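The primary structure of each chain is shown beneath.
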Amino acid sequence: MRRNRDISTIAIGWRIGLSMLITLFIVGTIGYLYAAEHLERVQIAAYANNQKLDVRSLQNASANDAQNNSGVREQTQALKAIAGRSVVSKAQVVKSGGVIVLAEDPFIAGQRNKDPDIQAAVDTGRVTAESTEDEASGDDIFKFVSPVLLDGRRDALFVTYNTSISDQRLSDVRLTLILTGLLTLLVGALIFHLVAGRWLMRDHRFALSRASLDGLTGLANQRSFAVDIGRVTSASERIGDIYSLVMLDIDDFRSINDEEGRKAGDRKLMEVAEVLEKQGLSDLPYRLGDDDFALLMPGSHYEAAVSLAEELSTELHQKGTRASIGVSTMRLGVRGEVVEAEAAAALKEARRRGGGNFVHFEELRGEVNVAQPDKIEAVRHLIAEEG
C-alpha cells in the first residue's frame, strides 16, 4: 500500500514536472520569437531615425554652404559621415532625373541612379523604406529614400544598409537567447519543482505591478519614472549618448472634471495615455499623477525630441485635447533631476504662453537656470503652486 502511494506520488511529481517543463518551453519559445521580432523592429527604427537625422544634417550643411559660399563642401563632408558607417553600403544625393549629385564615391557623381523611388521622392516628397536586393552584388539590403531640400531644390537622399552585418548580430543574439533559454528552462524547472515557487512568483509579480503602474491608464507611475530616469542617465553617461524628456499636462483639466464629470476627465487621461504608448519602441511613457504625464526618450537628441513634441501636440489637438508640453535634452555630465527640472520649467513656460503648445528648454536657456539643486527645488515649488 505504501509502495503504491509512493508510486502515485512519484507519478504526480513527474506529471507536475513535465507540465512545468512544457509550460516553460512554450513561454520560452514565445519569448524568443517576440524578442527576435522586437530586435528587428528596433534595428529598423534605428535606421529610420538615422535617416531623419541625416536629412537634417544635409539640409543644415547646405544652409552653411550657401552662407559661406563654400560650394558643397559641408554637404560632401556630411555625406561622407553617413557613408562612413559600417552598416551603410551606399549613400547618395540624387536630383530629378536620377542624376547623382553627391556620392560616397566621388567618381560616380554625374552618373544616374535608376531607382524609381528616387523620382517619387523628388516629385511628391514620398519616403520609401523597404528590404530589397542590391542589383550589382545580389546582397540583401535595406533601402531608405527620403526627400531633402538642398540649395533651394528638392533632391533625394538614397541610403542602403548592408543587412548582413545586422543579420549576423541578430543571429548571435538569437543563439544567445536560445542557449540562455535552455539553461533557464532546466534550472527554473528544478527550482520551481523544489520550492513550489509558482505561487510566490505570481504574488510577487502582482505586487510589483501594483506598485509600479498607474491604476487607470496602465502606464508606469511616478515611482517607476524616478527609477528609470536615473537608470537612463547612468546608461547614457556610460555609452556617451544623450536622451530627451517630454513632460505634458492637459490644459484646463480641472474644468473638464468640474463641468463634464469625473468620467469625462478619465477618458481624457486614457486618450493621452494611448497617444503616448504609440510612440517609438524605445520611448517610455509615464503618468506622474493627476493630468501630468512624461515620455522618456533614450537616444533621442534635440531634433527628434522637438519633432515628437510637435507631433504629440498636433495629434492631441486633433483628438480635441489641448495640452502644454515641456521638453529638455540631456547634456553629458548633467544629472537626471536637472533634466527633469528643465522639462518642468519648459512646461511651465508652455502653460504661461496659453497652453496648447510645446517649449524646449533650449528656448529658455540663459533666462532660466535650474542647474543647482536649490533652484531645482524652487521650480518644483512653482509648478506645485500653479497646479
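What you see is a predicted model; the values in this text were computed from it and never measured. (Residues numbered from 1 in each chain as written. Predicted model: local features only at pLDDT ≥ 70, side-chain atom pairs only at ≥ 80, totals over all residues. Heavy atoms only, no water.)

Draft legend 1. Local environment of the overall build of the chain. Counting its secondary structure elements, the chain contains eleven helices and ten strands. Long-range pairs, those at least 24 residues apart, make up 59% of the contacts in the chain with a sequence separation of at least 6. For the chain, the exposed surface amounts to about 22,100 Å²; the carbon and sulfur share of it is 55%. (Helix = DSSP H or I, 4+ residues; strand = E, 2+ residues; numbered from the N terminus. Contact = heavy atoms within 4.5 Å. Areas by Shrake-Rupley, 256 points an atom, 1.4 Å probe, with all protein chains shown as cover.)

Draft legend 2. Structural context of the side chain of E342. Along the polypeptide, E342 turns up in helix α10 (residues 336–352). At 3.2 Å, the side chain of E342 and the side chain of R331 are in polar contact. (Polar contact = N/O pair within 3.5 Å; in protein donor to acceptor, adjacent residues only side chain to side chain.)

Draft legend 3. Expanded view of the sheet that holds strand β3 (residues 128–133). Taken in spatial order, the five strands make up an open sheet running β2-β1-β5-β4-β3, and their pairing is antiparallel. Each edge of the open sheet carries a strand with a single partner, namely β2 (100–103) and β3. Going from strand to strand, the sheet's axes swing by 25° on average, the running direction of each strand aside. Across three bridges, the pairing between strand β1 (residues 88–94) and β2 is antiparallel. Note that in β2 the partner of V94 across the bridge is I100. (Pairing = 2+ DSSP bridges. Axes fitted to C-alpha atoms, helices over the stretch in contact; angles between N-to-C directions.)

Draft legend 4. Up close: the nonpolar core. Membership of the largest hydrophobic core comes to 23 residues, with the highest contact counts inside it found for V246, L248, V272, F293, L312 and I325. Residue assignment for this core shows that the elements contributing at least two residues are β6 (243–250), α7 (253–260), α8 (262–277), β8 (292–298), α9 (302–318) and β9 (323–329). Among the elements that line this core, the one with the most residues is α8, at six residues. Apart from the residues lying within four places of it in its own chain, the contact partners of V246 are F293, A294, L295, M297, L308, L312, I325, G326 and V327. (Core = buried A, V, L, I, M, F, W, Y, C linked by side-chain atoms within 4.5 Å. Buried < 20%, exposed > 50% of the residue type's maximum accessible area, 1.4 Å probe, protein only.)

Draft legend 5. Local environment of the packing of aromatic side chains. The full count for this structure, using the stated rule, is five aromatic pairs. An angle of 20° between the planes, with centres 4.0 Å apart, marks the rings of Y47 and Y161 as stacked. You can see Y47 sitting in helix α1 (residues 2–68) and its partner Y161 sitting in strand β5 (residues 153–162), a full 114 residues away along the chain. The exposure classification of Y47 matches that of Y161, with both residues buried. An aromatic cluster is defined as three or more aromatic residues linked by ring pairs; in this entry it consists of Y47, F142, F144 and Y161. (Phe/Tyr/Trp six-rings, centres within 6.5 Å; stacked < 30°, edge-to-face > 60°.)

Draft legend 6. Molecular detail of helix α6 (residues 222–239). With 18 residues, α6 ought to run about 26 Å at 1.5 Å a step, and its terminal C-alpha atoms sit 26 Å apart, in line with that. Residues of α6 that are buried: S224, F225, D228, I229, V232, T233 and S236. What you see down the axis of α6 is that its buried residues fit within an arc of 155°, all on one side. Turned more than 90 degrees away from the buried face of α6 sit R223, V227 and R238, all of them exposed. Capping the start of α6 is the job of one residue whose side-chain oxygen sits 3.2 Å from the backbone nitrogen of R223: N221. Looking one or two residues beyond α6, the residue adopting positive phi is G240, at roughly 75°. (Expected span 1.5 Å × (residues − 1). Arc of directions from axis to C-beta.)

Draft legend 7. Up close: the packing of α8 against α9. Contact pair α8 / α9: the axes reach a minimum separation of 11 Å and the direction vectors enclose 140°. Considering the angle they form, α8 stands oblique to α9. Judged by the twist between their axes, the crossing of α8 over α9 is right-handed. Mapping the contact onto sequence places V272, V275 and L276 in α8 and L312, E315 and L316 in α9. Here the residues of the contact of α8 with α9 sort into five nonpolar, no polar and one charged. (Parallel < 35°, antiparallel > 145°, perpendicular 65-115°, else oblique. Left-handed = near helix turned anticlockwise from the far one by under 90°. Nonpolar A, V, L, I, M, F, W, Y, C, P; charged D, E, K, R; others polar.)

Draft legend 8. Spotlight on the environment of Y302. Mapped onto the fold, Y302 is located in helix α9. Assessed through its relative accessible area of 37%, Y302 is described here as partly exposed. Expressed as a C-alpha distance, the spacing of Y302 and M330, which sit 28 residues apart in the sequence, is 8.9 Å. Every residue in contact with Y302, bar those within four places of it in the chain, is listed here: S244, T329, H360 and E362.

Honestly, it's all geometry; don't read function into it.
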